[in-house]
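Results of the structural survey
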Amino acid sequence: MSILKGEKKARQQNNRINGFLLIAFLVLGLIGVYYCNELLKGKILGEAASEQGDSIDNMIMWTLVITGIVFVITQILLFWFAFKYQEKEGQAAFYFPHNNKLEVIWTVIPAIALTILVAIGLRHWFAITSEAPKDAMVVEITGKQFNWLIRYPGKDGQLGSKFFKNINDATNPVGQDWDDNLNKDDFMATEMHLVVGKPVKLIIGSRDVVHDVGLSHFRLKMDAVPGIPTTLWFTPKFTTTQMKDKTGNPDFVYEISCDQMCGAGHYSMKANIVVETQQEFDAWVAKQKSQYALAHEAEGSGKPAQPVAPAEPSKDSTQKAVAAL
């Protein structure tokens, strides 16, 4: 009946049309992938701004090369087979239920490739989460809805202890223990200052929900988990001034973003990083006042201390967030 009605012929004709369309889609799609790669290559984040970022960029490149080759091969086979083995007169489908050799090949080879990629990734992970060099500076960063709290050790080079019940947004935003002498010279800031070429260890925490310290220019990120401090370390390669010259953007700033959806104000969790010379950093530190002094001045005067305020999100980022909503 399908032959008498012409349905078989119409179906075969549709198959031929779809077969040619699949080949056209394959060719145009691969051209599009290549074009987008050439158009956007090097224009998203630019050169990594940390020594560890160079290795991570290299790992990403090799991952893309390997998966890119597999992608091209599998897509060519997929669309070519759909074209070549379309329904035709005198051509019946071949029943091919199982083949042990093929099963082993397409299981073992991907498993080996993925194991190598995972091992390389773990090597980099263990490197940035290992013990920082002895001369590394230490900076504590604590996430809260919806800003970052940044604390530096004073001249003693050690951060004082904290207790969550001591938290007071007006005078003690991270809950420092004022009976601990190490806290007497710790100070807080609304932006992070780092020294170019000097390793820095970040001690990361959260006051409420899970946040994530995103350092895209340095190719690093780490979750900020309530009650469980996490750490990573890296070495900045370029000052902020050098990056302005490299990018041709006089308004360039290194940014800390929250890479974990943490609530309605997530979009505003941004802080700036200033990478500078040792002399510039020392001059900045000399102007800072310890949180202990600020808190006790406020208690003595009966007036609340000025809380560490979140960095205001730029008008552009706020508009983008509103537009996205």
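Below or above, wherever it landed, is the structure these notes cover. Owing to the predicted nature of the structure, the values given are computational and were not obtained by experimental measurement.

1. Section: the pairing of strand β2 (residues 147-152)
Counting buried positions along β2 yields six of six residues, so the element is predominantly enclosed. The alternating pattern of β2 places N147, L149 and R151 on one face and W148, I150 and Y152 on the opposite face, and all of these are buried. Relative to β2, strand β1 (residues 137-144) runs antiparallel, the two sharing five bridges. Bridging across to β2, T142 finds its partner in L149. What sits between β1 and β2 in their antiparallel hairpin is a turn of two residues. In the sheet, β2 pairs with strand β3 (residues 187-189) via three bridges, with the strands oriented antiparallel. Within β3, the position partnered with I150 by the bridge is A189.

2. Re the packing of aromatic side chains
The full count for this structure, using the stated rule, is 14 aromatic pairs. For the ring pair Y152 and F281, a centre distance of 6.3 Å and an interplane angle of 50° mean the geometry is tilted. Linking Y152 in strand β2 with F281 in helix α6 (residues 278-286), this pair joins segments that are 129 residues apart in sequence. As far as the burial class goes, Y152 and F281 line up, both buried. Its relative accessible area of 2% is what places Y152 among the buried residues. Each member of the aromatic cluster is reached from another via a ring pair, and the members are Y152, F187, F281 and W284. The lysine or arginine in question, K184, covers the ring of Y292, its NZ or CZ lying 5.0 Å from the ring centre. A cation sits over an aromatic face here: K246 above F238, 4.5 Å from the ring centre.

3. Here's the deal with the sheet that holds strand β4 (residues 192-195)
Adjacent strands of a sheet pair through backbone hydrogen bonds, lying either parallel or antiparallel. Strand order in the open sheet made by the five strands is β4-β10-β9-β6-β7, with mixed pairing throughout. Single-partner strands in this sheet number two, and they are β4 and β7 (220-224). Between one strand axis and the next, the sheet turns by 25° as a mean value, whatever way the strands run. With five bridges joining them, strand β6 (residues 211-215) and β7 adopt antiparallel strand pairing. Its bridge partner lying in β7, V213 is registered against M222.

4. Thoughts on the sheet that holds strand β8 (residues 230-234)
Judged by pairing direction, the sheet is mixed, and its five strands sit side by side in the order β3-β2-β1-β5-β8 without closing on themselves. Because the sheet does not close on itself, it has two edges, and the strands there are β3 and β8. Along the sheet, successive strands turn relative to each other by an average axial angle of 25°, direction set aside. Sheet strands in contact with α6 are β1, β2 and β3, and its direction is about 110° off that of β3.

5. Let's talk about unusual backbone geometry
For the bond running from Q145 to F146, omega is 5°, close enough to zero to count as cis. Here F146 is to be found in the loop between β1 and β2. Within the chain, R219 stands out as a residue other than glycine whose phi angle is a positive 65°. Mapped onto the fold, R219 is located in the loop between β6 and β7.

6. A look at the state of the cysteines
Applying the stated criterion across every chain yields a total of zero disulfides. Not part of a disulfide, C262 finds its nearest cysteine sulfur in C258, a span of 3.9 Å. According to the relative accessible area criterion, C262 is buried, its value standing at 6%.

What counts and how
Residues numbered from 1 in each chain as written. Predicted model: local features only at pLDDT ≥ 70, side-chain atom pairs only at ≥ 80, totals over all residues. Heavy atoms only, no water. Buried < 20%, exposed > 50% of the residue type's maximum accessible area, 1.4 Å probe, protein only. Helix = DSSP H or I, 4+ residues; strand = E, 2+ residues; numbered from the N terminus. Pairing = 2+ DSSP bridges. Phe/Tyr/Trp six-rings, centres within 6.5 Å; stacked < 30°, edge-to-face > 60°. Lys NZ or Arg CZ within 6 Å of the ring centre and 35° of its normal. Axes fitted to C-alpha atoms, helices over the stretch in contact; angles between N-to-C directions. Contact = heavy atoms within 4.5 Å. Disulfide = S-S within 2.5 Å.

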